[in-house]
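Residue-level listing of the chains:
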Amino acid sequence: MIKKKTGFWLQVALATAVCASTQAAEIDNVEVSDRFCLTCHGTDGQGNIGIDAPRLAGMEPWYLRRQLELFRDGLRGTHPEDLTGQEMQPMAEILSDESIDDIVDWVGTWEYQPAEITLTDGDAERGRTLYQTCASCHGAQGQGNEGMGAPALAGQNDWYLLTQLKNFKAGYRGYERQDQYGSQMRMMAQAIPNEQAMKDLVAYINTLGRPAQSNEENEDMGITSRVGQAAASVALAGSMAMASTQASAQDVIIHPNSGTFPIANAVEVGPEASIIFHSGVTPSPANPNAERGTPAYYGDTETQALSVFTKMKADLEAKGLSMGDVVKMTVFLVGDPALDGQMDFSGFMNAYTQFWGTDEQPNLPARSAVQVAGLVAPLMFVEVEVITAKRR
Ligand code: HEC
Ligand code: HEC
């Protein structure tokens, strides 16, 4: 019966689409918006298990906006096996930027509705252990992290969380490369071993309740998401604010190497640090006037490594990070024909030690270095890829 009704509303929505594009303000009319959203998402925006439509009331505005854009642009809900996504996708396809603005404002006025707890066969204790991986993006309390693009999980209906985990793992969601955040989450879901583990995770998320401090409140205080998040964790610690500061100071722990070689044995990253995966960095030409493909063009390994690290430093700083935030590094070196095709490891180290293990920058990353057959350009010898974890 619900399915039939859905079909009916779908037609209504498509009919109003004409108004939406010619006169965006139409959607301000609550009656139109009602048909658009509440038919499926529940009369109070609490979600509707009958058609797998999630709770929208209380959703973070930035996340709501992104999902509407993803659906509209065909980056979500277009996989042939994604039956629930396909119900939503046409609803968003017809939205203009203005109507998305209006909807985000409108949904922002709805009162938060408590999450529905339906799951009976999940082991929350096991879920707590598994959730440690999730916390780095979704927050220790499942409160979400705008800086990481990861929405709040706490407070969402459990049946919906479970469907989404299955959809991510199966590749029905996060399948488009342009869907940067979705593909990130897809990777994470692929690492969840099976459905029982998903249920355990969701059972644990059910225990978190609604996060103490919502994003909107942070925005009202005019602070950025990162600071907001830190504020939230202090708030959660309540009167033990000092203890919380101490805990976050330990969020990145460097386990030293037993010898003197300037890399870490391991780096441990706690749940409150935000982890960022950076693409590989390659050198700029040392001598752009030289002919491409000649040794003078990129220079030797040391020259190239210096160029890579100089570029990396500027790039990290532009993102509000520093070389000291690098926790893992992978180094790709190509053999130099001038050295009988061997990689010039010591040349590389001469450049590396100018940036790591110095007095100004003592933090050492965990690191691997390998020789590869080739990189994107002839006589390019160095590419370096890093992962950073931002200490809060
Ligand atoms: C025909 C029923 C239907 C209508 C009408 C509808 N939705 Fe949905 N919506 C769904 C379903 C089903 C899903 C779950 C999609 C999935 O499983 O990926 C969904 C998902 C969403 C999501 C993703 C939430 C998340 O946590 O990722 C958002 C946001 C959303 N809808 C907003 C809206 C808004 C705003 C409207 C009104 C413009 C609307 N929907 C109208 C059925 C509908
Ligand atoms: C690397 C960061 C990262 C990690 C780690 C991560 N996620 Fe996510 N997750 C995201 C992002 C980003 C999104 C939003 C994707 C989008 O915009 O479509 C997301 C979305 C989700 C959603 C969909 C929520 C909704 O409302 O539709 C669920 C459920 C989820 N994650 C659960 C988990 C669980 C459980 C774990 C741990 C096993 C986890 N995530 C680990 C980044 C992460």
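The following paragraphs examine the structure supplied in this document. (Residues numbered from 1 in each chain as written. Chains lettered and ligands numbered in written order. Predicted model: local features only at pLDDT ≥ 70, side-chain atom pairs only at ≥ 80, totals over all residues. Heavy atoms only, no water.)

Digging into the nonpolar core
Rule in force here: Residue types Ala, Val, Leu, Ile, Met, Phe, Trp, Tyr and Cys, when buried and joined through side-chain atoms within 4.5 Å, form a set referred to as a nonpolar core. Only protein chains enter the accessibility calculation, which uses a 1.4 Å probe; a residue whose area is less than 20% of its type maximum is buried, one above 50% is exposed, and one in between is partly exposed. Numbering of helices and strands runs from the N terminus, with a helix taken as a DSSP run of H or I at least four residues long and a strand as a DSSP run of E at least two residues long. Any two residues having at least one pair of non-hydrogen atoms within 4.5 Å are treated as being in contact.
Phe309, Met312, Met329, Phe348, Tyr352, Trp356 and Val384 are the most contacted members of the largest nonpolar core, which totals 26 residues. Mapped by element, the contributors of at least two residues to this core are helix 14 (301-318), strand 4 (326-334), helix 15 (345-352) and strand 6 (382-390). With near-sequence residues (within four places) excluded, phenylalanine 309 lies in contact with Met323, Met329, Phe348, Ala351, Tyr352, Phe355, Trp356 and Val384.

Observations concerning the coordination of the iron atom of ligand 2
Note the threshold: Donor atoms (N, O, S) are those found within 2.8 Å of the metal centre, with the cutoff raised to 3.2 Å for Na, K and Ca; water is not part of the atom list, so apparent gaps in a site can occur. In these descriptions, tetrahedral denotes four donors with every angle between 85 and 135 degrees, square planar four donors and octahedral six donors with opposite donors over 155 degrees apart and the rest between 65 and 115, and irregular any other case.
Only His138 (NE2) and Met185 (SD) from the protein coordinate the iron atom of ligand 2, and they sit 2.0 to 2.1 Å from it. Classification of the site at the iron atom of ligand 2 rests on its 6 donor atoms, whose angles at the metal span 89 to 179 degrees, yielding the label octahedral. Of this pair, histidine 138 sits in helix 6 (residues 124-138) while methionine 185 sits in helix 8 (residues 180-190); the two residues are 47 residues apart in sequence, bridging distant segments of the chain.

Focus: helix 9 (residues 195-208)
For clarity, the cut-off: For a helix, the expected span equals 1.5 Å multiplied by the number of residues minus one. Residues adjacent in sequence count toward polar contacts only when both atoms are side-chain atoms; beyond that, a polar contact is any pair of N or O atoms within 3.5 Å, and within protein one must be able to donate a hydrogen and the other to accept it.
When the terminal C-alpha atoms of helix 9 are compared, their 20 Å separation across 14 residues agrees well with the 20 Å that a helix rising 1.5 Å per residue should span. Most of helix 9 sits inside the fold, with 11 of its 14 residues counted as buried. Buried within helix 9 we find Ala197, Met198, Lys199, Asp200, Leu201, Val202, Ala203, Tyr204, Ile205, Asn206 and Leu208. In this structure, the buried side of helix 9 is in contact with helix 6 and helix 7 (158-170). The N-cap of helix 9, judged by a side-chain oxygen 3.3 Å from the amide nitrogen of glutamine 196 a few residues on, is asparagine 194.

Thoughts on the site of ligand 2
Note the threshold: If even one non-hydrogen atom of a residue comes within 4 Å of a molecule or strand, that residue is called near it. Three classes are used: nonpolar for Ala, Val, Leu, Ile, Met, Phe, Trp, Tyr, Cys and Pro, charged for Asp, Glu, Lys and Arg, and polar for all others, with Gly counted as polar.
Lining the immediate environment of ligand 2, one finds 26 residues, of which Arg66, Cys134, Cys137, His138 and Met185 sit closest. A distance of 2.8 Å separates a nitrogen atom of ligand 2 from a polar atom in the side chain of histidine 138. Contact between ligand 2 and arginine 173: an oxygen atom at 2.8 Å from a side-chain N or O atom of the residue. Breaking the shell around ligand 2 down by element, the ones donating at least two residues are helix 3 (61-72), helix 6, helix 7 and helix 8. Looking at the shell around ligand 2, its residues break down into 16 nonpolar, 8 polar and 2 charged.

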